[in-house]
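# Working through the structure, step by step
One letter stands for each residue in the lines below.
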Amino acid sequence: MDCKTASILMMEYIDGEIKELDKIELFKHLESCKDCNEAFLLLSESIDMIESMDEIEPPENIETLVMSSIDVTKYNVKVRIKKSIIISSILVVFMILGGYLFNIILNNSLSLKELLIVNIVKLVNFTVLTLPNILAFIEQNLALVLSGTFIILSGLFASTLFIAVAEVYLFKKFKFNFRRS
Amino acid sequence: MNEQDIEIVNKCLSGDGDSFEKLVTKYKKKIYNIAYRYTGNSEDALDVTQEVFIKAYNSLKQYDPKYKFSSWILKITTNYCLDLKKKKKLTTVELNIDLDNNETSTSAEDIYIHKENKELIANSINSLPDEYKILIILFHNQNHSYQEISEMLQLPLTKVKNRLYRARNMLKDALKNTRREESKWTAKQLQY
């Protein structure tokens, strides 16, 4: 037997897949070949050592660490839709407010602080002066006010729903997640 | 009765994320041990274990039930370990071998020689390239079959076998060289 065949048989021996006859041949070769004998001993020794390495106990808090780092509601569609609707509602309100403020800022030469004061004063004035008029108007044109409110709310609801659906879709499609992914 | 892995995965996917804890409990030891053998220290091993579970949870939808869950999560572990080294996040990657293990040898000299050998073997294993080192850990330390490793590393069975053969041969050569160097060194010391 040559050393190359012996080397292959050594592997089969380590795997426990060696045939009985091959095993006899291998050991015969090992007795006569010093290099292969040395290699075999070294190899067996190292493999034995790796196999006998004790298992290490992991820290006890792994579960807590992992569970606090994952979003347990990630695959809960109901919770995700609820979350999305809340987030989207906030987004819609901010978009409307943002648009309104942006418009005011663009059309004014005052500083932001001045604008804020002016607008608060305007709002208070408007509420105090026009609220009774508004109430009277609502009283007189109830149908018109109700339908107007309904249209505005529907618009808000539709845009909120659209953003929520888009977010759930993004989450599904691209694993988009507000928390860590 | 123990719940099957696939049942737990399905529970998680249908919204019960808390069930994932059962999988963490079941596989933490195995993953931690591979990570520990690979990274060489408990701090990095803990990080790897945590990251592997987080990755597994976040990509649970990609799990294909026709394979074992254990193979899938160990695939994530091995990939993560190999990537970690590529990113050079780990400065030293050493196979940690407990040198203070209780020995049955009687004399102090025997214990010393045994410790020396252990160190020698540990150094030789550490000198292996990562792809080979991970094979040695999975096959010889974690007792995975060729088939399981093939699934984990997504390599053909023959390639796994060949690589492991090569890994063992490299180990053998490394040991041989280290021993030769050591004996030269001892001979030189004796001359003085």
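So, here's what we can say about the structure. (Residues numbered from 1 in each chain as written. Chains lettered and ligands numbered in written order. Predicted model: local features only at pLDDT ≥ 70, side-chain atom pairs only at ≥ 80, totals over all residues. Heavy atoms only, no water.)

Regarding its fold elements, chain A presents seven helices and zero strands. Beginning at the N terminus, the succession of helices and strands in chain A can be written as α-α-α-α-α-α-α. Residue burial in chain A is summarised as follows: out of 181 residues, 26% are buried. Considering only intrachain contacts with a sequence separation of at least 6, the fraction spanning at least 24 residues in chain A is 52%. (Helix = DSSP H or I, 4+ residues; strand = E, 2+ residues; numbered from the N terminus. Buried < 20%, exposed > 50% of the residue type's maximum accessible area, 1.4 Å probe, protein only. Contact = heavy atoms within 4.5 Å.)

Residue and element names in this part refer to chain A. Contact pair helix H5 (residues 77-106) / helix H6 (residues 112-140): the axes reach a minimum separation of 11 Å and the direction vectors enclose 115°. Regarding the angle of H5 to H6, the classification is roughly perpendicular. As H5 runs across H6, the sense of the crossing is right-handed. Note on element contacts: H6 touches H5 through Leu 112, Leu 115 and Asn 119, opposite Tyr 100, Ile 104 and Ile 105. Here the contact of H5 with H6 is built from residues that sort into five nonpolar, one polar and no charged. (Axes fitted to C-alpha atoms, helices over the stretch in contact; angles between N-to-C directions. Parallel < 35°, antiparallel > 145°, perpendicular 65-115°, else oblique. Left-handed = near helix turned anticlockwise from the far one by under 90°. Nonpolar A, V, L, I, M, F, W, Y, C, P; charged D, E, K, R; others polar.)

Right, let's talk about a nonpolar patch on the surface for a bit. Residue and element names in this part refer to chain A. A contiguous nonpolar patch, built from Val 77, Ile 81, Ile 85, Phe 157, Leu 161 and Val 165 and spanning about 520 Å² of accessible area, is present on the exposed surface. For the nonpolar patch, the secondary structure elements donating two or more residues are H5 and helix H7 (142-174). Here Leu 161 shows up in helix H7. (Patch = residues over 30% accessible without salt bridge, like charges linked within 9 Å, V, L, I, M, F, W, Y side chains within 5 Å. Areas by Shrake-Rupley, 256 points an atom, 1.4 Å probe, with all protein chains shown as cover. Salt bridge = Lys/Arg side-chain N within 4 Å of Asp/Glu carboxyl O.)

With that settled, the discussion passes to the interface of chain A and chain B. Taken together, the contacts link 41 residues of chain A with 51 residues of chain B. Both faces combined, the contact of chain A with chain B buries some 4400 Å², and carbon together with sulfur accounts for 64% of it. When the area that chain A buries against chain B is broken down by residue, the three leading residues are Ile 56, Glu 63 and Tyr 75 of chain A, summing to 16%. Joining chain A to chain B, the criterion identifies five salt bridges. (Buried area = accessible area lost by both parts, 1.4 Å probe.)

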